Amino acid sequence: MAATTAMPVPRSGISPRPPFDPAVMLVAPAAALMVMFFVYPFAYGLLLSFQPAQGGVFQNYIHFFQTQDLWRTIGNTMQLALPATFINVAGALAIAYATRIKGPYQRLLSTLLVVPLTLGTVLIAEGMLTYFGPQGWLAQALRWLHVYEGSIRLTHNYWGVLISLIITGFPFAYLLILSYITGIDPALPRAAATLGADGWNRFRHIYLPLLTPGLVMAFCLSFVQAFSVFPSAVLLGSPGGTTRVIAIAAYEAAFEQYDYSLASAVAMIMGLAQLAIVVAALGLRSMFYRGPVTGGKG
Amino acid sequence: MSTHTDNHNPLRDRAWRALVWGVIAFFLVNVGMMILAVATNSVATRWLGTWLPEAYTTGWYLSAWKEFQLSHVLVVTVVVVFSVVFLSLLIGVPAAYTLARKDFRGKKLLTLLFLLPLMVPPITYGIPLATVMYQLHLAGTLPGVIIANMIPALPFVILVMTPFVEQIDTNIESAARVFGANTRQMFIYTLVPLLAPGVLAAGLLVLVRTVAMFELTFLVAGPDTQTLVVALYYAVFAAGVRAGQSVDAMAMIYMAITVLWLLIALRFVNPTQLVSRVKEHPVKG
């Protein structure tokens with residue numbers, strides 16, 4: 001009888017209910033922390049959003065979609081986050097593909113491209129305000145070269161926030177996509193080359209299908225980052241106008257109006273809007289190739 | 001038949017390559033100039049409308065250090081960051097081991113639970129989390145800030161560590177079992193040494209991410225528990241009261257710290273091996 005043996009023995013058959021393995025308990029502290037400080041606050045926030053200070057159960061959500069200053073933040077956020085994510089992922093794909101081959105400068109170049117990750121929003125904001133400012137180096141250089149004499153309007157508006165989203169988001173997308181590209185077995189494109197595929201066709205028919213899952217993942221993670229844009233929208237944008245993003249609305253409701261119920265509702269709407277894009281991206285992914293990225297012999 | 005199949009359309013290939021390298025150069029030059037502008041301003045006495053400032057001084061670094069109570073902020077940052085790294089590894093590595101090796105009911109649900117915090121923007125769960133923490137009187141305290149920062153850090157450790165565990169041969173664990181090691185002994189004497197590179201990688205990446213984590217710290221920190229990134233934001237937000245050079249000096253200090261850690265991280269972790277690892281086939285003549 002296997003049930004009475006003290007040592008775990010490999011079973012030949014598949015038992016309907018495997019015996020409880022105490023090692024599974026190793027996952028318990030992590031799960032407990034997540035339940036206590038992620039699931040519980042989330043559920044609490046969801047409930048709180050249905051308990052407005054006055055009015056019916058859905059009053060907060062009705063208020064959100066009836067107040068122009070609130071519902072337009074969804075559009076504002078999408079208009080910033082979607083172009084920024086597309087630019088970052090497309091740019092990162094092109095540049096990671098160009099720098100995929102190990103060379104003497106590959107490591108230096110990839111390090112240089114990743115460094116902006118560490119700059120922090122404030123340094124980027126300060127740098128952009130100084131560099132793109134009316135008396136900054138860019139304006140001076142353009143004037144000196146007689147290329148453009150007018151004033152440069154790249155800060156305190158939509159473009160300022162978009163540029164800062166690209167500077168912070170691109171290195172992240174690049175790092176991720178580079179690791180996916182180098183994970184593809186180089187024997188596959190080489191096989192394609194022997195069959196007569198040129199550079200573009202190798203990319204189009206070998207790399208791109210294999211990269212699709214990674215690209216979707218990079219898109220989702222980049223989008224999450226861009227969607228929660230908050231400090232740069234305040235420091236580099238016009239927080240009252242075109243860059244009044246949904247995170248600002250949620251923050252104002254919570255810490256300026258002290259209406260935690262409304263703030264939770266805004267946070268839930270933010271999560272839903274963001275999740276809708278992620279689910280759409282994952283749904284598109286399932287239409288493409290899924291499978292191993294290594295050759296037949298693994 | 002020719003084997004030089006690259007030459008179907010050399011002009012198009014060359015134009016494309018020039019475009020890509022042009023974009024790389026444009027990006028690096030502009031970001032570099034931006035950093036240089038901040039660096040120049042942080043050592044400038046007065047800089048208005050000229051190529052370079054009139055004179056240079058290191059006084060802004062000294063005044064930033066005093067004005068923003070940087071020594072206190074740095075102590076808080078170090079305590080928060082290292083606690084987050086240590087606790088996330090302590091809890092995350094065993095969890096990653098279980099998720100990589102064991103099969104149990106509810107595993108899919110658990111995986112989703114660990115993936116969600118990375119997929120939801122920090123503000124979305126940060127606001128309800130801050131509300132709960134204010135009720136528990138955790139907001140504004142060091143433990144509160146540490147816990148809040150662990151919510152994205154712990155799933156990140158699990159996500160990075162699971163593939164590392166999967167590539168360790170199960171026979172090594174069986175051998176330890178045969179020699180009578182219990183789970184704890186097997187963990188300490190066989191798995192931890194084998195996992196050390198992965199643990200180091202995950203720890204350094206969590207460290208870099210936590211130093212830069214703005215939203216969650218911003219939402220739950222009090223005046224005494226601000227980390228560097230939050231203190232920096234408040235310094236700019238209250239601009240006008242403070243000299244711009246002083247803020248720039250502080251931003252440079254922040255950058256120096258994070259760049260240092262990133263370079264250390266990249267020294268140990270090859271970014272190209274983060275997600276999957278494939279042995280490189282030698283190109284045969």
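Residues numbered from 1 in each chain as written. Chains lettered and ligands numbered in written order. Predicted model: local features only at pLDDT ≥ 70, side-chain atom pairs only at ≥ 80, totals over all residues.

Peer 1: Honestly, the overall build of chain B in this entry has me stumped. Any pointers?
Peer 2: Regarding its fold elements, chain B presents 11 helices and 0 strands. Order of helices (α) and strands (β) in chain B, N terminus to C terminus: α-α-α-α-α-α-α-α-α-α-α. When the 285 residues of chain B are sorted by exposure, 40% land in the buried category. (Helix = DSSP H or I, 4+ residues; strand = E, 2+ residues; numbered from the N terminus. Buried ≥ 20, exposed ≤ 12 C-beta atoms within 10 Å, placed from the backbone.)

Peer 1: Mind showing me how you'd approach the overall build of chain A here?
Peer 2: Within chain A, the regular secondary structure consists of 12 helices and 0 strands. Overall, chain A shows an N-to-C arrangement of helices and strands of α-α-α-α-α-α-α-α-α-α-α-α. With 298 residues in all, chain A has 43% of them scored as buried. Contacts in chain A between residues far apart in sequence, at least 24 positions, make up 74% of those at least 6 positions apart. (Contact = placed C-beta atoms within 7 Å.)

Peer 1: I'm lost on the confidence of the model for chain A in this one. Help?
Peer 2: Do not read the fine detail of predicted coordinates wherever pLDDT is low. When pLDDT is averaged across chain A, the result is 83; 90% of the residues are at 70 or more. The model gives residues 1-7 of chain A a pLDDT under 50, and that stretch makes 2 contacts with residues more than four places away or in other chains. (pLDDT = per-residue confidence, 0-100.)

Peer 1: Quick question: what am I supposed to make of helix H10 (residues 228-237) of chain B here?
Peer 2: Side chains of residues three or four places apart in an α-helix project in the same direction, reflecting 3.6 residues per turn. Most of H10 of chain B is tucked away: 7 of the 10 residues are buried. Considered for burial, the residues of H10 of chain B that qualify are Leu 228, Val 229, Val 230, Ala 231, Leu 232, Tyr 233 and Val 236 of chain B. Considering only its buried residues, H10 of chain B is in contact with helix H5 (120-131) and helix H10 (231-235) of chain A together with helix H3 (70-101), helix H8 (183-212), helix H9 (215-220) and helix H11 (244-268) of chain B.

Peer 1: I would appreciate a short explanation of the environment of His 63 of chain A in the present structure.
Peer 2: When you line up the elements, His 63 of chain A lands in helix H2 (residues 59-66). When the C-alpha atoms of His 63 of chain A and Leu 284 of chain A are compared, they prove to be 33 Å apart, with 221 residues separating the residues in sequence.

Peer 1: Even after reading the chapter, I still don't get the domain arrangement of chain B, so can you show me in this structure?
Peer 2: Accessible area lost upon the coming together of the parts is a frequently used measure of interface size. For chain B, the domain assignment lists domain 1 (5-57) and domain 2 (60-273). Taken residue by residue, the interface counts 7 residues in domain 1 of chain B and 7 residues in domain 2 of chain B. (Domains from an automatic or database assignment.)

Peer 1: What is the right way to read the interface of chain B and chain A from this model?
Peer 2: Contact with chain B, which involves 76 residues of that partner, is made by 78 residues of chain A. The set of elements that each furnish at least two residues to the side of chain B that touches chain A consists of helix H1 (10-42), H3, helix H4 (107-119), helix H5 (122-135), helix H6 (142-166), H8, H10 and H11 of chain B. In terms of residue count, the dominant contributor to the side of chain B that touches chain A is H1 of chain B (13 residues).

Peer 1: What is the right way to look at the confidence of the model for chain B in this model?
Peer 2: All names here are of chain B. Overall, the prediction assigns chain B a mean pLDDT of 83, with 90% of residues at 70 or greater. Long-range and interchain partners of residues 1-6, a stretch whose pLDDT sits below 50, account for 6 contacts in this model, where long-range means more than four residues apart. We note a pTM of 0.83 for the whole complex and an ipTM of 0.81 for its interfaces.

Peer 1: Would you mind showing me how to read the nonpolar core here?
Peer 2: Soluble globular proteins: nonpolar side chains tend toward being buried together. Core analysis: the largest hydrophobic core is formed by 162 residues, its most contacted members being Tyr 174, Ile 177, Val 229, Ala 250 and Val 266 of chain A together with Val 157 of chain B. By residue number, the principal contributor to this core is helix H7 (residues 158-181) of chain A, which donates 15 residues. Two domains each put at least three residues into this core: domain 1 (5-57) and domain 2 (60-273) of chain B. Beyond its immediate chain neighbours, meaning those up to four positions away, Tyr 174 of chain A contacts Ala 92, Ile 95, Ala 96, Leu 113 and Val 114 of chain A. (Core = buried A, V, L, I, M, F, W, Y, C linked by C-beta atoms within 7 Å.)

Peer 1: What exactly am I supposed to notice about unusual backbone geometry here?
Peer 2: Excluding glycine, residues mostly carry a negative phi; peptide bonds, for their part, are mostly trans. All names here are of chain A. The residue Tyr 258 is not glycine, and still its phi comes out positive at about 55 degrees. In this fold, Tyr 258 is placed in the loop between helix H11 (246-255) and helix H12 (260-285). Classification of Tyr 258 by C-beta neighbours within 10 Å gives exposed; the count is 9.

Peer 1: Looking at this structure, I do not really get the packing of helix H9 (residues 199-227) of chain A against H12 of chain A. What am I missing?
Peer 2: The relative placement of two packed helices comes down to the angle between their axes together with the axis-to-axis distance. Residues and elements named next belong to chain A. Two elements in contact, H9 and H12, have axes whose closest approach is 10 Å; the angle formed by their N-to-C orientations is 175 degrees. By the angle between their directions, the pair H9 and H12 is classed as roughly antiparallel. Residue-level contacts link Thr 212, Pro 213, Val 216, Phe 219, Cys 220, Phe 223, Val 224 and Phe 227 of H9 to Gln 274, Ile 277, Val 278, Ala 281, Leu 282 and Arg 285 of H12. Across the contact of H9 with H12, the residue classes break down as 11 nonpolar, 2 polar and 1 charged. (Axes fitted to C-alpha atoms, helices over the stretch in contact; angles between N-to-C directions. Parallel < 35°, antiparallel > 145°, perpendicular 65-115°, else oblique. Nonpolar A, V, L, I, M, F, W, Y, C, P; charged D, E, K, R; others polar.)

Peer 1: Is there a simple way to think about the environment of Glu 126 of chain A in this case?
Peer 2: Along the polypeptide, Glu 126 of chain A turns up in helix H5. For Glu 126 of chain A, a count of 29 C-beta atoms within 10 Å translates into the label buried. When the C-alpha positions of Glu 126 of chain A and His 146 of chain A are compared, they lie 26 Å apart, and in sequence the two are 20 residues distant. Filtering out sequence-adjacent residues up to four positions away, Glu 126 of chain A remains in contact with Val 38, Val 247, Asp 248 and Ala 251 of chain B.

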